[in-house]
Amino acid sequence: MATAGKAALRDQLLAARRSVADDIRAADARALAGHVAGIVEAGGTVCAFVPVGAEPGSIEMLDALLGRAARVLLPVARTRGDDTPLPLQWGEYRPGRLVTARFGLLEPAEPWLPPTALAEAHLVLVPALAVDRFGVRLGRGRGFYDRSLVYRDAQARLVAVVRDAEVLDELPCEPHDVRMSHALTPKAGLIALDATRESGDGNGGSST
């Protein structure tokens with residue numbers, strides 16, 4: 001898929017998210033918060049994210065994770081002087097202590113951990129605009145997670161958090177794409193993806 005095609009798909013998915021009624025979005029957020037407690041190993045480390053705009057999820061989802069995990073790490077996004085994204089740093093989630101950052105994000109207060117802290121997580125919840133049945137993820141296109149997921153534990157579950165309608169049959173992928181092992185949706189809960197299978201013709205790409 002050409003860059004213009006990917007951009008059009010992102011626009012379509014973002015427009016669909018914005019069209020979701022507030023009461024449905026709130027119900028979906030409650031459902032996701034209910035699902036996450038059942039997928040966390042007690043006492044471990046989880047990497048998650050703070051939803052922004054119409055992204056699925058909520059602070060309550062983070063609280064539910066923290067109720068089971070020993071630590072919940074949240075991303076800290078920074079760029080080089082030329083605006084090239086850097087691998088994500090990570091900070092511990094402490095309720096009530098999130099601070100406003102660039103891109104309209106909320107992030108953990110300092111101190112921050114290096115990108116390699118991702119390797120400590122047995123579960124990584126990843127924001128996505130869509131994911132397909134083969135684990136290919138479509139992000140917002142900035143490349144933060146592309147640069148960060150290389151530091152993951154190979155045994156960790158990588159879970160794209162999406163709406164039910166955003167689990168698609170197939171998305172374009174590139175060789176460097178890190179496949180998701182699961183999707184998490186409000187209605188279906190945790191969905192195992194077939195990340196071992198090849199998808200499509202390899203043209204195009206995805207990422208945030």
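An unreviewed UniProt entry annotates the protein as 5-formyltetrahydrofolate cyclo-ligase of Mycobacterium shimoidei. Note on the protein: under the UniProt heading Sequence similarities (unreviewed entry), the record states "Belongs to the 5-formyltetrahydrofolate cyclo-ligase family." Comment text from UniProt for the protein, heading Cofactor (unreviewed entry), reads "Mg(2+)".

Engineer: Even after reading the chapter, I still don't get the pattern of salt bridges, so can you show me in this structure?
Structural biologist: Note on pairing: side chains with opposite charge can pair once their charged atoms come close. With the rule as written, the count across this model stands at eight salt bridges. Notably, a salt bridge pairs aspartate 22 with arginine 25, separated by 3.2 Å at the nearest N-O pair. With aspartate 22 and arginine 25 both in helix α2 (residues 22–36) and three residues apart, this pair spans about one turn of that helix. On the basis of relative accessible area, arginine 25 is assigned to the partly exposed category, the value being 24%. Among the charged side chains, a salt-bridge network with shared partners connects Arg17, Arg163 and Glu166.

Engineer: Before we go on, may I ask you to explain helix α3 (residues 59–66) in this structure?
Structural biologist: Counting along an α-helix, one turn takes 3.6 residues, and residues three or four places apart therefore face a common direction. Within α3 the residues assigned to the buried category are Met61, Leu62 and Leu65. All buried residues of α3 project into a common sector of 100° when viewed along the axis, lining one side. If you follow the buried residues of α3, they end up packed against α2, β1 (45–47), β2 (71–76) and β6 (123–127). Taking the backbone nitrogen of glutamate 60 as reference, a side-chain oxygen 3.3 Å away marks serine 58 as the first, capping residue of α3.

Engineer: What exactly am I supposed to notice about the pairing of β6 here?
Structural biologist: Consecutive side chains along a regular strand alternate between the two faces of the sheet. For β6, the buried fraction is high: five of the five residues fall into the buried class. Taking every second residue as pointing to the same face, both faces of β6 are buried, with Leu123, Leu125 and Pro127 on one and Val124 and Val126 on the other. Of the strand pairs in this sheet, β1 and β6 are connected by two bridges, and their pairing is parallel. Along β6, the bridge assignment pairs valine 46 with leucine 123. Here five bridges tie β6 to strand β9 (residues 157–161), and the two strands are oriented parallel to one another. Counted as the bridge partner of valine 126 is alanine 160 from β9.

What counts and how
Residues numbered from 1 in each chain as written. Predicted model: local features only at pLDDT ≥ 70, side-chain atom pairs only at ≥ 80, totals over all residues. Heavy atoms only, no water. UniProt positions renumbered as here; feature names shortened; annotations may be inferred. Salt bridge = Lys/Arg side-chain N within 4 Å of Asp/Glu carboxyl O. Helix = DSSP H or I, 4+ residues; strand = E, 2+ residues; numbered from the N terminus. Buried < 20%, exposed > 50% of the residue type's maximum accessible area, 1.4 Å probe, protein only. Arc of directions from axis to C-beta. Contact = heavy atoms within 4.5 Å. Polar contact = N/O pair within 3.5 Å; in protein donor to acceptor, adjacent residues only side chain to side chain. Pairing = 2+ DSSP bridges.

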